[in-house]
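Residue-level listing of the chains:
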Amino acid sequence: MSAIFTHELRSYFHSLTAWVFAAFLLCFVGIGAMMYNIQAAVSNFEYVLSLSSLAFVVIAPILAMRVLAEERRQKTDQLLYALPVSTTEVILGKYAALLVLYLVPLAIIAVYPLIFARFGEVYLPTSYGSLFAFFLLGAALLAVGVFISSLTDNQGLAAGIGIAVILFNYYSVSLSEYMSSSALGSVIALVAISCAAGLLLKLLTGNGTLGYWTGFGLSAASIALYNLDREALEGLLPEIMSALSLFERFYVFVNGVFDVKAVVFDLSVIGFFLFLSVQSLEKRRYN
Amino acid sequence: MLQVEHLTRRYGKVTAVDDLSFEISDDGVYGFLGPNGAGKSTTMNIMTGCLSATSGTVRISGYDIYEQPKEAKRRIGYLPEQPPLYLGETPAEYLRFVGEAKGLRGDALRREIEDAIEETGIGEMRSRRIDALSKGYRQRVGIAQALLGEPEIVILDEPTVGLDPLQILEIRSLISALGRSRTVLISSHILSEVQTMCSKILIIAHGKLVAFDAPEKLEERLAAPGEITITAETDAQRARALVEALPGVAGITVRADGPDRSQLAVASGTEDIYALSQAIFQTFASSGCALCELGVKKPSLEDIFLELTEGGETA
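With an unreviewed UniProt entry as reference, chain B is termed ABC transporter ATP-binding protein, source organism Oscillibacter valericigenes. Looking at chain B in UniProt, the text filed under Sequence similarities (unreviewed entry) is "Belongs to the ABC transporter superfamily."

Named according to an unreviewed UniProt entry, chain A is ABC transporter permease originating from Oscillibacter valericigenes. Of chain A, the UniProt comment under Subcellular location (unreviewed entry) reads exactly: "Cell membrane".

Right, dumping it as structure tokens:
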């Protein structure tokens, strides 16, 4: 794993990728800090991070798009399969390199609250709690990006899908207000999610029967629940959309609450998407 | 060293590799020969752990490629048909990564990289970006990575495809040199290439192994007796009558006929085709009929290859 990690890290810093990413994030946070903390004289650094979280819609997919798609395009994935390194080590090595790349500008950003504290009252626990949540948010979105990158050899497509997915996650709470809260609306959404899960399973395992039956089974269970207990489904769709929002959990930290549940949720998202990425790589060996 | 047992790989309803079994236990260059689509690359990808098999096993020095992948892969160096190169890196950087991934560190890593660079002759190019190298040099870099970690078996999939004639000669001579100290398995659909480099040939067709032997033994074992072409200063009827009576004639085909000159192809039914050609010569001479041409055509390895790959014979 260490060979993959150092190779990835070296390639990021040998190319413009690391520098452009760091410059973009620093620029975004810098403009936010200038607007809020300097011009408006607001002492809450967490608001800057809240504003800057929008940058992830662009930077996370662009950073993650090449991770596996490029290997596939250049056919270097065959080298990775032939080396005495497991696919789990490949994914973890690449992901760890992404995290280090992400931590470099964050380490610089971490100095900002200390600087502002010299000129006024800054509540450092909230600032650093939010910075920690900002790191977790980025880490989770990068894991999603790595998975999307494992599905195609087209970097542009991977980035496009990544931007759409993150944008949807960013606005999911706002969109949930427009969603039907009726039991019928919820069951339709559950059937759609079940079908999507079945298709994803088929895509990852290459086993159509397993995928279709899973989708069918979950859909049937949703419809059965609808017939048995409609009250349980009322308001479920907006709840699901809100519950899946990574950004909403980050805002809890910005509001001054260190939410352990949100930490567990972010870590679960990271683990889930890295697991899917490993399965996606393994699946290619079987097809 | 390399044991392949009952290997089968299916893509849906298509069987790319069909119950393939063979064993390689000595050093040397082995040729994996077959027409395009015969299943060579699929077999090589399975042997190196890049692809799963539907059934069957592959063992490298006793280690199963699926049960003990790390141990097995440490003993293999693999160059796929398209060299898996990071084009933005220099050969030195690239080899360092592959060496580290193979578990080499410190002095051992440096020594092995130097050895591989020297063996493949890429010393002058070590600090140039790979995307600036010629195809021949890229192929050499690909071979160099396969040599890292002192693998017992080096597997090269169509290593000369897309190279110009000079580069082909260079790569062939490099592979021959590699085969002196280790086992090298190369795939190709070019018979002459395999014939010049390999001590043994595996011929595969429709996913099945149809022959596995030294080139000269394949010729001895599988070659048909051959054909004698004669051009005589007489019409075809008389020429045929002279040849027909000789022992060892399996068949006669008239290729050209005229009142003063005819051409026949005589299929030999005997192992000693030269004895038959001598008998034909003497028959024509004693009957006072001049022979303008007497040519013996023994079947080449190419004929054997075509016969095996187009037929359904198995080894």
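**Student:** Would you mind going over the domain arrangement of chain B with me for this structure?
**Tutor:** How big an interface is tends to be reported as the loss of accessible area on association of its parts. Examined at the domain level, chain B breaks down into domain 1 (2–221) and domain 2 (224–298). The distance between the C-alpha centroids of domain 1 of chain B and domain 2 of chain B comes to 47 Å.

**Student:** What should I look at first to understand the packing of helix 3 (residues 45–52) of chain A against helix 9 (residues 124–149) of chain A in this one?
**Tutor:** Any two packed helices are characterised by how steeply their axes cross, that is the angle between the axes, and by the distance between the axes. Residues and elements named next belong to chain A. At a minimum axis distance of 8 Å, the contact between helix 3 and helix 9 shows a crossing angle of 20°. One finds that helix 3 runs roughly parallel with respect to helix 9. With respect to the hand of their crossing, helix 3 and helix 9 are arranged in left-handed fashion. Residue-level contacts link Phe 45, Glu 46 and Leu 49 of helix 3 to Thr 126, Ser 127, Ser 130, Leu 131 and Phe 134 of helix 9. Of the residues assigned to the contact of helix 3 with helix 9, the class counts are four nonpolar, three polar and one charged.

**Student:** Got a minute to help me understand helix 12 (residues 208–228) of chain A in this structure?
**Tutor:** Each α-helix turn comprises 3.6 residues. Residues three or four places apart therefore point the same way. Residues and elements named next belong to chain A. Across its 21 residues, helix 12 extends 30 Å between first and last C-alpha, which sits within 8% of the 30 Å expected from 1.5 Å per residue. Within the span of helix 12, buried status applies to Gly 211, Thr 214, Gly 215 and Ser 222. Buried residues of helix 12, viewed axially, fall in a sector of 95°; they line one side. With respect to the buried face of helix 12, the exposed residues turned more than 90 degrees away are Gly 208, Thr 209, Gly 217, Ala 220, Ala 224, Asn 227 and Leu 228.

**Student:** Before we go on, may I ask you to explain the sheet that holds strand 1 (residues 2–11) of chain B in this structure?
**Tutor:** Strands in a sheet are paired, the pairing made by backbone hydrogen bonds, and the direction either parallel or antiparallel. All names here are of chain B. One open sheet accounts for four strands, arranged 2-1-4-5; its pairing is antiparallel. Each edge of the sheet is formed by a strand with only one pairing partner; in this case those strands are strand 2 (14–24) and strand 5 (63–64). Pairing geometry for strand 1 and strand 2, over seven bridges, is antiparallel. Paired with Val 4 across the strands is Phe 22, a residue of strand 2. Sitting on the sheet, helix 1 (residues 40–47) is in contact with strand 1, strand 2 and strand 4 (55–60), with an inclination near 120° to strand 1.

Conventions and cut-offs
- Residues numbered from 1 in each chain as written.
- Chains lettered and ligands numbered in written order.
- Predicted model: local features only at pLDDT ≥ 70, side-chain atom pairs only at ≥ 80, totals over all residues.
- UniProt positions renumbered as here; feature names shortened; annotations may be inferred.
- Domains from an automatic or database assignment.
- Axes fitted to C-alpha atoms, helices over the stretch in contact; angles between N-to-C directions.
- Helix = DSSP H or I, 4+ residues; strand = E, 2+ residues; numbered from the N terminus.
- Parallel < 35°, antiparallel > 145°, perpendicular 65-115°, else oblique.
- Left-handed = near helix turned anticlockwise from the far one by under 90°.
- Contact = placed C-beta atoms within 7 Å.
- Nonpolar A, V, L, I, M, F, W, Y, C, P; charged D, E, K, R; others polar.
- Expected span 1.5 Å × (residues − 1).
- Buried ≥ 20, exposed ≤ 12 C-beta atoms within 10 Å, placed from the backbone.
- Arc of directions from axis to C-beta.
- Pairing = 2+ DSSP bridges.

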